Amino acid sequence: SNPNLIIPQSNGYNIEFAWNGQVYELVVDVSFWEQPYPIETFIDKVSKQYAGEVIIGESHKMGFQPVKYQQNVDGSNTVVLERWNQKF
């Protein structure tokens, strides 16, 4: 079973990602949001990070290794992967 992920806030109203059996759901009371950016920005940041992790994880399964990870001025990310052909 997957545990819930909790991000504590100093006001005691934590940000939680709850596993519903298939996906994680964001559980937060917006009236107690005390992060330095809006919830939409938070979700965007989490989504970008997750996408990058999935790309790197799946690429690794195919023999690729990340050699460069860069955040671009427009907010997008660039990942450069390489794979060496092995001859036996």
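In this report, the structure presented in the accompanying data block is examined. (Residues numbered from 1 in each chain as written. Predicted model: local features only at pLDDT ≥ 70, side-chain atom pairs only at ≥ 80, totals over all residues. Heavy atoms only, no water.)

### A look at the packing of aromatic side chains
If you walk through the whole model with that rule in mind, you get 4 aromatic pairs. Between tyrosine 13 and phenylalanine 32, the ring centres sit 3.6 Å apart and the planes meet at 5 degrees, which makes this aromatic pair stacked. Of this pair, tyrosine 13 sits in the loop between strand S1 (5-7) and strand S2 (15-19) while phenylalanine 32 is found in the loop between strand S3 (24-27) and helix H1 (39-61), placing the two residues 19 residues apart along the sequence. Look at tyrosine 13 and you get partly exposed, because its relative accessible area is 40%. (Phe/Tyr/Trp six-rings, centres within 6.5 Å; stacked < 30°, edge-to-face > 60°. Helix = DSSP H or I, 4+ residues; strand = E, 2+ residues; numbered from the N terminus. Buried < 20%, exposed > 50% of the residue type's maximum accessible area, 1.4 Å probe, protein only.)

### Structural notes on the pattern of salt bridges
Considering all chains together, one arrives at 2 salt bridges under this definition. The salt bridge involving lysine 48 is made with aspartate 44; its shortest N-O contact spans 3.8 Å. Here lysine 48 and its partner aspartate 44 are both found in helix H1, 4 residues apart, which amounts to about one turn of the helix. On the basis of relative accessible area, lysine 48 is assigned to the partly exposed category, the value being 33%. (Salt bridge = Lys/Arg side-chain N within 4 Å of Asp/Glu carboxyl O.)

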